[in-house]
Amino acid sequence: MRKRKLEVVVISDVHLGTFGCHAGELLSYLNSISPKKLILNGDIIDIWHFRKRYFPKSHLQVIKKIIDLSTKGTEVYYITGNHDEMLRKFSDISMGNIHILNKLILNLDGKKAWIFHGDVFDVSIQHTKWIAKLGGWGYDFLILFNRIINWALIRMGKEKYSLSKKIKNGVKKAIKYIDDFESVAADLAIENGYKYVVCGHIHQPQMLRKVNKNGACLYLNSGDWIENLTSLEYHHKRWNLYHFNQDKLSSFYADEDLKSMNYKELLAAITITSKKV
């Protein structure tokens with residue numbers, strides 16, 4: 001398969017280690033691209049809900065693929081989020097082409113891009129973390145329950161249905177929260193002279209031009225790999241919002257070497273490669 005060459009790719013909210021994660025589809029996507037910069041914008045590994053008994057082979061394959069990209073020249077920027085906040089103690093550490101950061105500022109063809117996860121705007125996380133974690137566990141259960149429903153719907157020849165999207169779209173507070181999140185991010189970006197502000201966190205893929213009395217910027221959100229299966233791509237001075245479900249990639253396409261490795265071999269390969277980075 002011919003890989004698409006891209007300048008920047010942004011993915012967020014993968015939540016490796018949870019039932020809702022679509023690791024196989026993400027692996028397919030990563031195998032289809034050749035980015036100069038890969039930005040992992042928070043909540044890639046879900047440390048909040050990490051379970052020793054649940055970390056499938058496909059989740060390890062994603063980690064191995066990201067490391068492989070870095071060894072082949074891709075600059076990988078891991079921006080910490082709330083679900084992987086434990087990594088913040090390693091902020092500003094680099095291992096070869098892999099860099100751990102809390103935020104990133106890029107110069108893209110003369111325009112500054114401000115990139116961060118977005119949980120800094122979430123008061124519930126900052127002040128009542130246990131409530132946020134409880135909500136996360138409920139969300140994880142909802143996604144698992146939704147998968148069972150969709151399995152039954154597909155067997156009956158019907159289309160998939162998203163319970164969480166239906167709930168979010170029907171709750172006015174959720175809609176207001178998203179609008180407020182976008183407005184605050186854009187206003188701060190304009191105030192600081194950034195032309196692009198790139199976030200994750202709210203699982204809401206978006207490309208939206210924001211204007212206020214002080215200027216304008218492009219607000220971008222990479223969405224997630226739980227429900228929307230989206231990423232942001234920058235190439236030829238333009239941003240694009242990529243939707244996996246609109247592509248025609250084979251659902252669980254993977255490199256042959258990754259396919260042939262068992263669980264222990266993947267763990268060993270990740271450990272060895274990480275030491276070399």
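To be clear, the structure that these remarks concern was listed above.
Undergrad: Tell me about the pairing of strand β5 (residues 98–101), and name the residues and values.
TA: Each regular strand carries side chains that alternate between the two faces of the sheet. Residues Ile98 and Ile100 point to one face of β5 and His99 and Leu101 to the other, with burial holding for every one of them. Relative to β5, strand β3 (residues 75–79) runs parallel, the two sharing four bridges. By the bridge assignment for β5, Val76 is matched with Ile98. Sheet topology note: the strand β4 (residues 93–95)/β5 ladder contains three bridges and is antiparallel. For Ile93, the partnering residue across the bridge sits in β5 and is Ile100. Between β4 and β5, which pair antiparallel one after the other, the connecting turn spans two residues, and Gly96 there sits at a positive phi close to 65 degrees.

Undergrad: If you had to explain a nonpolar patch on the surface to someone new, which residues and values would you point to?
TA: Together, Phe90, Ile93 and Met95 give the surface a local cluster of nonpolar side chains, amounting to about 240 Å² of exposed area. As for its placement among the helices and strands, Met95 is situated in strand β4.

Undergrad: Help me get a handle on the sheet that holds strand β7 (residues 111–116), residues and values and all.
TA: Spatial ordering of the open sheet is given by β6-β7-β8-β10-β9, a layout of five strands whose pairing is mixed. Unpaired on one side and paired on the other, β6 (103–108) and β9 (206–212) mark the two borders of the sheet. For this sheet, the mean inter-axis angle between neighbouring strands, taken without regard to orientation, is 20 degrees. With four bridges connecting them, strand β8 (residues 196–199) and strand β10 (residues 215–221) associate as parallel partners.

Undergrad: I'd love a proper account of the nonpolar core, names of residues and values included.
TA: Counting 38 residues, the largest nonpolar core has Leu16, Tyr29 and Leu30 as the members making the most contacts within it. Going through the elements one at a time, β1 (4–11), α1 (23–31), β2 (33–41), α2 (57–71), β3, β5 and α8 (263–276) are the ones with two or more residues in this core. Sorting elements by how many residues they give to this core places α2 first, with six residues. Listed in part, the 18 residues of the second largest apolar core include Leu108, Ala113, Val198 and Leu241.

Undergrad: Account for the packing of α1 against α2, naming residues and giving values.
TA: At a minimum axis separation of 8 Å, α1 and α2 run at an interaxial angle of 20 degrees. One finds that α1 runs roughly parallel with respect to α2. Relative to α2, the crossing made by α1 is left-handed. For the pair formed by α1 and α2, the contact residues are Ala23, Gly24, Leu26, Leu27, Leu30 and Asn31 on the first element and Ser58, His59, Gln61, Val62, Lys65, Ile66 and Leu69 on the second. Grouping the amino acids of the contact of α1 with α2 by side-chain chemistry returns seven nonpolar, five polar and one charged.

Undergrad: Outline the environment of Phe19, supporting the account with residue identities and numerical values.
TA: Among the structural elements, Phe19 can be located in the loop between β1 and α1. On the basis of relative accessible area, Phe19 is assigned to the partly exposed category, the value being 25%. As a C-alpha pair, Phe19 and Pro56 span 37 residues in sequence and 9.6 Å in three-dimensional space.

Conventions adopted
Residues numbered from 1 in each chain as written. Predicted model: local features only at pLDDT ≥ 70, side-chain atom pairs only at ≥ 80, totals over all residues. Heavy atoms only, no water. Buried < 20%, exposed > 50% of the residue type's maximum accessible area, 1.4 Å probe, protein only. Helix = DSSP H or I, 4+ residues; strand = E, 2+ residues; numbered from the N terminus. Pairing = 2+ DSSP bridges. Patch = residues over 30% accessible without salt bridge, like charges linked within 9 Å, V, L, I, M, F, W, Y side chains within 5 Å. Areas by Shrake-Rupley, 256 points an atom, 1.4 Å probe, with all protein chains shown as cover. Salt bridge = Lys/Arg side-chain N within 4 Å of Asp/Glu carboxyl O. Axes fitted to C-alpha atoms, helices over the stretch in contact; angles between N-to-C directions. Core = buried A, V, L, I, M, F, W, Y, C linked by side-chain atoms within 4.5 Å. Parallel < 35°, antiparallel > 145°, perpendicular 65-115°, else oblique. Left-handed = near helix turned anticlockwise from the far one by under 90°. Contact = heavy atoms within 4.5 Å. Nonpolar A, V, L, I, M, F, W, Y, C, P; charged D, E, K, R; others polar.

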